[in-house]
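# A closer look at the structure
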Amino acid sequence: QLDSFAARRRLERHIVNLMREADEEVLEFLQQRLEYPEQVEAERQRRIDTMREHLMNDEGALSAFVSDHPDVPIQRLRQLLRACDKPRKRQELNALLQEALGL
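So, here is what we can say about the structure in this document. Please read these numbers as outputs of a predicted model, since none were measured by experiment.

## Here's the deal with the layout of surface pockets
Its volume calculated, the largest pocket comes out at about 230 Å³. Considering the residues around the largest pocket, the lining is formed by 10 residues, among which Phe29, Val40, Glu43, Arg44 and Arg47 are closest to the centre. At the level of secondary structure, the elements contributing two or more residues to the lining of the largest pocket comprise α2 (24-35) and α3 (37-57). Examining the composition of the lining of the largest pocket, we find that 5 residues originate from one element, α3, more than from any other. Its residues assigned to classes, the lining of the largest pocket comprises 3 nonpolar, 3 polar and 4 charged.

Put into C-alpha cells, the structure is as follows:
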C-alpha cells in the first residue's frame, strides 16, 4: 500500500505510460482477464484438455508438439501421457502442458 498521495500519483503515471507503450491486443487480453476471470480460466483449461487428448490419441501430434516445444522433457511427457488416468499424474501433465503452452 502506498503511504502518500504523491507516491500513488507517480505509480498511476507510470502505469499510464506503460499502457501507452503496450500493444492493444495485450491490453484487451488483460482487460478481459480482469472482467471475466472465470471465462479466461475455462478457456485455458479447455485448451489444455484439448491438447492432452490430442497428444494421447495421435503419435504424430506428440512428435509435432515436441518439435514445436523443444524445452519439454520428452520422457516425462510420455510417462505422464501413459499414466494420466490417475488424478495426480493428470495434474502433473496439465501443469507441464500449461508451462509449455505458456498459459
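## Points about the nonpolar core
In terms of nonpolar packing, the biggest core is built from 15 residues, with Leu55, Phe65, Leu77, Leu93 and Leu97 touching the most fellow members. Contributions of two or more residues to this core are made by α3, α4 (59-68), α5 (74-82) and α6 (87-101). Ignoring any residue separated from it by four or fewer positions in sequence, one finds Leu77 in contact with Leu62, Phe65, Val66, Val72, Leu93, Leu96 and Leu97.

## Things to note about the pattern of salt bridges
Should their charged atoms come close, side chains of opposite charge can pair. Across all of its chains, the model carries 8 salt bridges by this definition. In this structure, the salt-bridge partner of Glu41 is Arg44, at a minimum N-O distance of 2.3 Å. In this pair, Glu41 and Arg44 both sit in helix α3, 3 residues apart, roughly one turn of the helix. Residue classification places Glu41 among the partly exposed residues on the basis of a relative accessible area of 37%. Among the residues examined, Arg44 registers a relative accessible area of 16% and is labelled buried. Among the salt bridges present, the one from Glu92 reaches Arg88, with a minimum N-O distance of 4.0 Å. Placement of the pair is Glu92 and Arg88 together in helix α6, with a separation of 4 residues, close to one helical turn.

## Focus: the environment of Ser4
Of note, Ser4 is situated in the segment before α1 (5-21). Sequence-wise, Ser4 and Arg52 are 48 residues apart; in three dimensions their C-alpha atoms are separated by 49 Å.

## Overview of the packing of α3 against α6
Two elements in contact, α3 and α6, have axes separated by 10 Å at closest approach and are oriented at 105°. As summarised for this structure, α3 and α6 are arranged roughly perpendicular, according to the angle between their axes. Touching Arg44, Gln45, Ile48, Asp49, Met51, Arg52, Glu53 and Leu55 of α3 are Arg90, Leu93, Asn94, Leu97, Gln98 and Leu101, all from α6. Here the contact of α3 with α6 is built from residues that sort into 6 nonpolar, 3 polar and 5 charged.

## Focus on a nonpolar patch on the surface
Together, Leu11, Ile15 and Met19 line one region of the surface with nonpolar side chains, adding up to about 260 Å² of accessible area. The residue Ile15 is located in helix α1 in this model. Under the relative-accessibility criterion, Ile15 is labelled partly exposed at 40%.

So, how was this worked out
- Residues numbered from 1 in each chain as written.
- Predicted model: local features only at pLDDT ≥ 70, side-chain atom pairs only at ≥ 80, totals over all residues.
- Heavy atoms only, no water.
- 1 Å grid on protein atoms, 1.4 Å probe; cavity = no way out; pocket = protein on both sides within 12 Å on 5 of 7 lines; lining within 4 Å.
- Points joined across faces, edges and corners; volume = space filled by probe spheres on them.
- Helix = DSSP H or I, 4+ residues; strand = E, 2+ residues; numbered from the N terminus.
- Nonpolar A, V, L, I, M, F, W, Y, C, P; charged D, E, K, R; others polar.
- Core = buried A, V, L, I, M, F, W, Y, C linked by side-chain atoms within 4.5 Å.
- Buried < 20%, exposed > 50% of the residue type's maximum accessible area, 1.4 Å probe, protein only.
- Contact = heavy atoms within 4.5 Å.
- Salt bridge = Lys/Arg side-chain N within 4 Å of Asp/Glu carboxyl O.
- Axes fitted to C-alpha atoms, helices over the stretch in contact; angles between N-to-C directions.
- Parallel < 35°, antiparallel > 145°, perpendicular 65-115°, else oblique.
- Patch = residues over 30% accessible without salt bridge, like charges linked within 9 Å, V, L, I, M, F, W, Y side chains within 5 Å.
- Areas by Shrake-Rupley, 256 points an atom, 1.4 Å probe, with all protein chains shown as cover.

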